[in-house]
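Residue strings, one per chain:
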Amino acid sequence: MLTQNKRTIKCHSLWRRLSLYTLVFVATCLCQSLWAANEALNNVNVADTVVGYDVEIRHQSPMQYLSHSPEAAGNRVKIQLRQNASGQAKQSSNTANFNWAAAFGVPLEEVTMEDLQSDNPVLELNFSKDVKFTVSNSPDNRMTIISITTPRPLFTGPAPERDTTPRNLITSLKGVDPDMSELLDRANKAMLDKEYGRAVQIFMRIREQGNDDIQPSIQELIGLTRESLGQMAHAKAEYNKYLTNFPNGDAVARVRQRLNALNTAAQQVTESNKVAARQSKGDEWRKHIYGGFAQTYYYDQLDTANGEKLTLRSALNNHLNVTARASNSHYDLKASFSGLYQKDFEFDGEEDVVNPHQITIEGRQKDWGLFARAGRQSRSSGGVLGRFDGVHAAYEINSTFTVNGVFGYPVDSQNKEYVNTDQQFYGASIDAGTLWGGWEFSGFYIMQEYLDFTDREAIGGEVRFVDANKSLFTLVDYDIFYQELNIFMVNGRWAFNEATSVNASFDHRRNPILFSYGAVQGQGIQYVEQLFSRFTLGQLYTFAENRNATTNTGTAGVTHQINSQWQLSGDITVSKYSGNDSTPTNFLGMPIEGIEGSSADIYYNTRLTTNNLIMDNDSMIFGLRYSDTERAKTTTLDFNWRANITPNLRINPRFRLDYRQSATNDDSRWQTRPKVRLDYKLRRRIRLEMDIGYDWLQDSRTDYTYESAGYYFSAGYRLQF
């Protein structure tokens, strides 16, 4: 045991030094910057998908997704979350900001968390342009995932000279021949992945099996895809076949124009054009380095009723992100680093934080369908619950099926700068999709160990469905070691028309997720191996089950677009906590009392959103929330206005008022939180930001009334390169 712990400490120390040296070295060399982060936003990551990007926002503590608005598209989205009392207690600030560099391809500008010290935090994402999106949560509720649908570039460097990817044409054909929908989805995926050879094969299969109405468009697509492959002679033959077989087709003029362009180019070939032709085939490597760095200073002060002034926070956040990418038609290679160094001035550096969010190297071989990523990373499927240090590998068997393997060490949330070699996991999963016009499936097995005993062993799967009007997501995670259902989650959305949509969700989960390591809770010790000398392994497993409870939560909501300017939405959520069992004796020889279950907590939420009300391009949100829980009844009024005063200056004032009445006595509380945020674009790649806020609280008890006031301030800059 001592040998293993020494090995772990050595690895921990190496990882900490490597992370810090990398952060300092790259920042010194580049002398440029990007963004500031608060620990409430533990990490923000953007991952490529077949149809666009997933923006993955990892939280410091679990947060349940409730609703979001607008429903499906816009240049910003507000997401309503919920956290429990222990999550609120972990929040050192009521607001957190994370600024993103648009150089990463996705037009994300900023991520903001508000009301972190309440039970209903609000997550907001701002984009540089309108995007289409869906919102979901990871299985462990520690990550909110915003899936953006947009044609994604290979990387943000010089664009290729021409892009013949006919995505819009492919999508439109599903209505022409519904029986070909599955093959069209496969072809569209192959085109998005730039696997043109596979796309040609699928198009030729559709040409053989499809109805007469789809034939002209498929013939044109085959020519386009041959051209994308650089097979100009084949492309000209396919275009000529179109003109022969469909002389009155809708695309005759377009096809003839492409054919003429190919013939003209063939007559003007020179040595330099031959080089360009080789480059168009993708044999040349395209390389790009991008990212940024930011510094933000935070200061929070509390003025107590007796006149005492307490500094709650005085810290400087330094956040660096660098990505290097190289790609050609066969390979896509990427190395990424994202890390935070927080300098604490309040405790003379004793509370300084080094947090390497992401350190990865990854590669993709497009012809063989191989992918691998190594390093600190996050994954929200395949049974993996968040960030880990390890390897994820995948093999795409064909356009429908992909197998995945994963091995790693979960990141310890209390010691993020270390590699947690005491815990390790391995697993496998298979993904299938898109099938039957929009369905995707996956199944997984995962095994996790802590030292020499089983920590978690689970099987499960996911089902997704998305079309223009409906979406559905279902997740099952079953622990076969404990024979307990860890998670069952289902959520869906249905748009009846362009104006009205409904959403509903149900979430059943073990709280917290069932791990054998959970046996340490309530023992008065830090490490579970300290229990080995007093208890058997079977007793430890019983402790872990006893400390575990279940939570059931259901939500239903509706959103209605009143007109082009006004939107009204509302939802209701019911949540129930089961409680957990007592334990006769702990490590200290004392009993651990169980926690009683709660009655149903009910939350009501309404929002009225408007745009262009006072000035062009402004947005305003009026919110009213009411919660009826076992502990208290709380009413919240919220106002949020955002406007561009000039092309470079954006202002965002906000006001919130809470009234809380205890459900068990006459205690009550008033709280108000006005704040304003300023964002100034100094230059195209340089932004200055400042937040100023005030927090007043009056707590009325039976025998006294307590008042306090707080001030918070932050200012910083971010640079992109």
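Up top you'll find the structure we're talking about.
What you see is a predicted model; the values in this text were computed from it and never measured.

Counting buried positions over the eleven residues of strand 14 (residues 386-396) gives eight, a clear majority of the element. Across ten bridges, the pairing between strand 13 (residues 370-379) and strand 14 is antiparallel. Considered in strand 14, the bridge of Ala372 is made with Ala393. Counted between consecutive antiparallel strands, the loop separating strand 13 from strand 14 contains six residues, among which Gly382 sits at a positive phi close to 70°. Relative to strand 15 (residues 401-410), strand 14 runs antiparallel, the two being bridged by nine bridges. The partner of Glu396 across the bridge, within strand 15, is Thr402. Linking two consecutive strands that pair antiparallel, namely strand 14 and strand 15, is a turn of four residues.

To continue, consider helix 6 (residues 215-228). Taking 1.5 Å of rise per residue, 14 residues should cover 20 Å, and helix 6 covers 20 Å from first to last C-alpha, within 8% of that figure. Most of helix 6 sits out of view: 14 of its 14 residues are buried. One or two residues past the end of helix 6 sits Gly230, with phi positive at roughly 85°.

To continue, consider the packing of helix 4 (residues 181-192) against helix 5 (residues 196-209). Where helix 4 contacts helix 5, the axes come no closer than 8 Å and their chain directions differ by 160°. One element, helix 4, and the other, helix 5, form an angle in the roughly antiparallel class. Seen along the crossing, helix 4 lies across helix 5 with a hand that is left-handed. Across the interface between the two elements, Leu183, Leu184, Arg186, Ala187, Ala190 and Met191 from helix 4 touch Tyr196, Arg198, Ala199, Ile202, Phe203, Arg205, Ile206 and Gln209 from helix 5. Of the residues belonging to the contact of helix 4 with helix 5, the class tally is ten nonpolar, one polar and three charged.

Most peptide bonds are trans, and most residues other than glycine sit at a negative phi. Look at the link from Asn511 to Pro512: it is a cis peptide, with omega at 0°. Tracing the backbone through its elements, the reader meets Pro512 in the loop between strand 21 (500-511) and helix 10 (537-546). One non-glycine residue, Leu451, lies in the positive phi region at around 55°. With respect to the element layout, Leu451 can be found in the loop between strand 17 (439-450) and strand 18 (453-466). The exposure class assigned to Leu451 is buried, which follows from its relative accessible area of 9%. In the Ramachandran plot, Gln483 falls in the positive-phi region, its phi being about 55° despite a non-glycine side chain. Position of Gln483 among the secondary structure elements: in the loop between strand 19 (470-479) and strand 20 (484-495). For Gln483, a relative accessible area of 60% corresponds to the exposed category.

Rules of the game
- Residues numbered from 1 in each chain as written.
- Predicted model: local features only at pLDDT ≥ 70, side-chain atom pairs only at ≥ 80, totals over all residues.
- Heavy atoms only, no water.
- Buried < 20%, exposed > 50% of the residue type's maximum accessible area, 1.4 Å probe, protein only.
- Helix = DSSP H or I, 4+ residues; strand = E, 2+ residues; numbered from the N terminus.
- Pairing = 2+ DSSP bridges.
- Expected span 1.5 Å × (residues − 1).
- Axes fitted to C-alpha atoms, helices over the stretch in contact; angles between N-to-C directions.
- Parallel < 35°, antiparallel > 145°, perpendicular 65-115°, else oblique.
- Left-handed = near helix turned anticlockwise from the far one by under 90°.
- Contact = heavy atoms within 4.5 Å.
- Nonpolar A, V, L, I, M, F, W, Y, C, P; charged D, E, K, R; others polar.

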